[in-house]
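What the coordinates show
The residues making up each chain are set out below.
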Amino acid sequence: MSSLTINKKSRRIIPGFHLSLGYTMLYVSLLVVLPLSMIFLQTMSLSWQEFWHIITDRRVVASYKISFGTALAAGLINALFGTIIAWVLVRYQFPFKRLIDGLVDLPFALPTAVAGIALTSLYAPKGWIGQFFDFKIAFTPLGIIIALTFIGLPFVVRTVQPVLQNIQVEVEEASASLGATRWQTIWKVIFPELIPAILTGFSLAFARALGEYGSVVFIAGNMPMKTEITPLLIMTKLEQYDYAGATAIAVVMLVTSFVLLFTINIIQWLANRRFVH
Amino acid sequence: MEQSTFLQKSAPTATKSAALQEPRFVRYTLTAIALLFLSFFIVLPLVSIFAAAFQSGVDVYFAAITHPDALAAIKLTLIVVVIAVPLNAIFGVMAAWALTKFHFKGKNLLLTIVDLPFAVSPVIAGLIFILLFGAQGVFGDWLFANDIKIVFALPGIVLATVFVTLPFVARELIPLMQTQGTSEEEASISLGASGWKTFWYVTLPNIKWGLVYGLILCNARAIGEFGAVSVVSGHIRGMTNTMPLHIEILYNEYQFSAAFAVASIMSIFAIITLIIKDVVAWKSKSN
């Protein structure tokens, strides 16, 4: 019946609009919107002073600094090395290249808890790598940075790689034939094309690192004020049945994530606009 | 062909390639940096898992993975995956159909909502279901009165997993179906095929590799999800412990060999995932 009336109007020829949209809306309402709105609803039960008191508590503020600082460091490490890895994978030939390319995705496929215990045992003072350093890596912020670098590694590589593949040789030839040195061509012709992809990859890795829990709890040591990340603090409050406290901190984290998501979209929008011209 | 004529035309090849390629030592240094970085962050951790798993001998390894608690954890993980992945696969196809075959108001908002679970910390993903279905939650009293357990039981673990893996299939299909447009479906419908027939014989063959790709990623995350499940599971041994939670318990009890033994099984899953992913990427490229 309904398809008949739609055909008469000769607008939506393809069927299933109401079914697919209705199903999608119902699914995301029940599983995403309703559950997430609980965070804000629960926070309403707190007065502004109570809320402010919880989210500016010394231990909580220390956890923001640790989470933010380590996620930022890991994001920057990934931006630098991810770009180099993408460059090497696209431009150079070496043995086992295909295998190594495939391994870059391991952090997406390996459970975070498994990554956590593996990295901890490697970088612990007596571990395969940790034994060569006379300072502690695991159970310090350095350990957190290593876990977060692992988690975020594929993001930059996988956003930069396709852009690098699509840069046409002619552009580089033109640059070279106009007398640019190789370094000038890379720095002034290729690199600017890569910046949006690097920024997107960095933001994705950073956003993922901010919320990461599984791989970090093993390697962090979880000392309050020193190596306690914000997601762990939420977990601790939950274990003490302090739901209001856990939720208040969750609001801060959620708002930060949304701002990041928004920033990523703006970067991509700006980048697309630039390439259209 | 083109390349050979190009080479014939430009006689001074040496100067040309110097302008188009970095000096050899730069190439070697960059390759070395990339490979060293990947060894320290990817290869060594992977190798160390298997080394640690077999450290106390093969007997300990098999004892660990055939322990009743380990088997219960494997079984629970499989049950969760078998429920969560198909749910999100059907959703992914539905959402991609709605978002790519039609124009409507609020499309971008819906796209953002579909993406949201990726932006939320796993711990928060668990917390929201505690706030809904926990003892102090909105539905807590009602659930208690009717003797229904969601949190600290299978339904809670499934819900948290569904939330965390919700965007994977949709995210893979939406860009794919967007580039394919609607002309083939329109042709099929105007030739008299039904909606289902059109989907089955026209759309599905076009999106099958994207669908498989999304399923693999969704599956890998569903198997390995730790933070969200940890919040809602209640950690009841042999009952509500998934494989990652079982690994955590073993590790915290200093049963390192056993923890790594179970971890090695999950690593094999991960490696198989990567292989299938590579094959699928290769197949879809050659199509």
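Not measured: the values here are computed from a predicted model.

We now examine the overall build of chain A. When you go through chain A residue by residue, the secondary structure sums to 13 helices and 0 strands. Of the regular secondary structure in chain A, the N- to C-terminal order runs α-α-α-α-α-α-α-α-α-α-α-α-α. The C-alpha atoms of chain A give 24 Å as radius of gyration, which overshoots the globular expectation for 277 residues (19 Å, by more than 25%). Split into buried and exposed, the 277 residues of chain A put 45% on the buried side. Within chain A, residue pairs in contact and separated by at least 24 positions form 78% of the contacts whose partners lie at least 6 positions apart.

Let us now look at the nonpolar core. Residues and elements named next belong to chain B. The biggest cluster of nonpolar side chains holds 165 residues, and the ones touching the most others in it are L127 and V262. Considering each element in turn, this core owes the most residues, 15 residues, to helix 5 (residues 68–101). Beyond its immediate sequence surroundings of up to four residues, V262 is in contact with A64, I65, A70, M243, H246, I247 and L250.

For the rest of this paragraph, the subject is the packing of helix 7 (residues 112–123) of chain A against helix 8 (residues 141–166) of chain A. Residues and elements named next belong to chain A. Between helix 7 and helix 8, the least distance of the axes is 10 Å, while the angle of their chain directions is 135°. When the axes of helix 7 and helix 8 are compared, the pair comes out oblique. Helix 8 is crossed by helix 7, and the crossing has right-handed handedness. Facing helix 7, whose interface residues are T112, A115, G116, L119 and Y123, helix 8 presents G143, I146, A147, F150 and I151. When the residues that make up the contact of helix 7 with helix 8 are grouped by side-chain class, the tally is 7 nonpolar, 3 polar and no charged.

It is worth spelling out the interface of chain B and chain A at this point. Chain B puts 76 residues into the contact, and the matching count from chain A is 72 residues. Among the elements that line the side of chain B that touches chain A, the one with the most residues is helix 3 (residues 24–53) of chain B, at 17 residues. For the side of chain B that touches chain A, the per-class residue count stands at 57 nonpolar, 11 polar and 8 charged.

This part is about the UniProt feature "transmembrane region" (unreviewed entry) in chain B. Residue and element names in this part refer to chain B. Mapped onto this numbering, the UniProt entry annotates "transmembrane region" (unreviewed entry) at residues 30–54, 74–97, 109–135, 150–170, 211–236 and 256–276. Strand forms 0% of residues 74–97 and helix 100%; the C-alpha atoms that close the span are 34 Å apart. The distance separating the terminal C-alpha atoms of residues 109–135 is 33 Å; by composition the span is 85% helix and 0% strand.

We now examine the confidence of the model for chain A. For chain A, the mean per-residue pLDDT works out to 90, and 95% of the residues sit at or above 70. Here residues 1–10 of chain A is modelled with pLDDT under 50, and outside its nearest four sequence neighbours on either side it reaches 3 contacts, counting other chains as well.

Partitioning chain B into structural domains gives domain 1 (2–49) and domain 2 (56–286). Taking the mean C-alpha position of each, domain 1 of chain B and domain 2 of chain B sit 38 Å from one another.

UniProt records the feature "domain: ABC transmembrane type-1" (unreviewed entry) at residues 74–277 of chain B, using the numbering of this structure. A distance of 23 Å separates the end C-alpha atoms of residues 74–277 of chain B, which is 79% helix and 0% strand.

Inspection of the secondary structure puts I195 of chain A in helix 10 (residues 182–211). A C-alpha to C-alpha distance of 10.0 Å links I195 of chain A and V163 of chain A, two positions 32 residues apart in sequence.

Parameters and conventions
- Residues numbered from 1 in each chain as written.
- Chains lettered and ligands numbered in written order.
- Predicted model: local features only at pLDDT ≥ 70, side-chain atom pairs only at ≥ 80, totals over all residues.
- Helix = DSSP H or I, 4+ residues; strand = E, 2+ residues; numbered from the N terminus.
- Rg over C-alpha atoms; globule rule 2.2 N^0.38 Å.
- Buried ≥ 20, exposed ≤ 12 C-beta atoms within 10 Å, placed from the backbone.
- Contact = placed C-beta atoms within 7 Å.
- Core = buried A, V, L, I, M, F, W, Y, C linked by C-beta atoms within 7 Å.
- Axes fitted to C-alpha atoms, helices over the stretch in contact; angles between N-to-C directions.
- Parallel < 35°, antiparallel > 145°, perpendicular 65-115°, else oblique.
- Left-handed = near helix turned anticlockwise from the far one by under 90°.
- Nonpolar A, V, L, I, M, F, W, Y, C, P; charged D, E, K, R; others polar.
- UniProt positions renumbered as here; feature names shortened; annotations may be inferred.
- pLDDT = per-residue confidence, 0-100.
- Domains from an automatic or database assignment.

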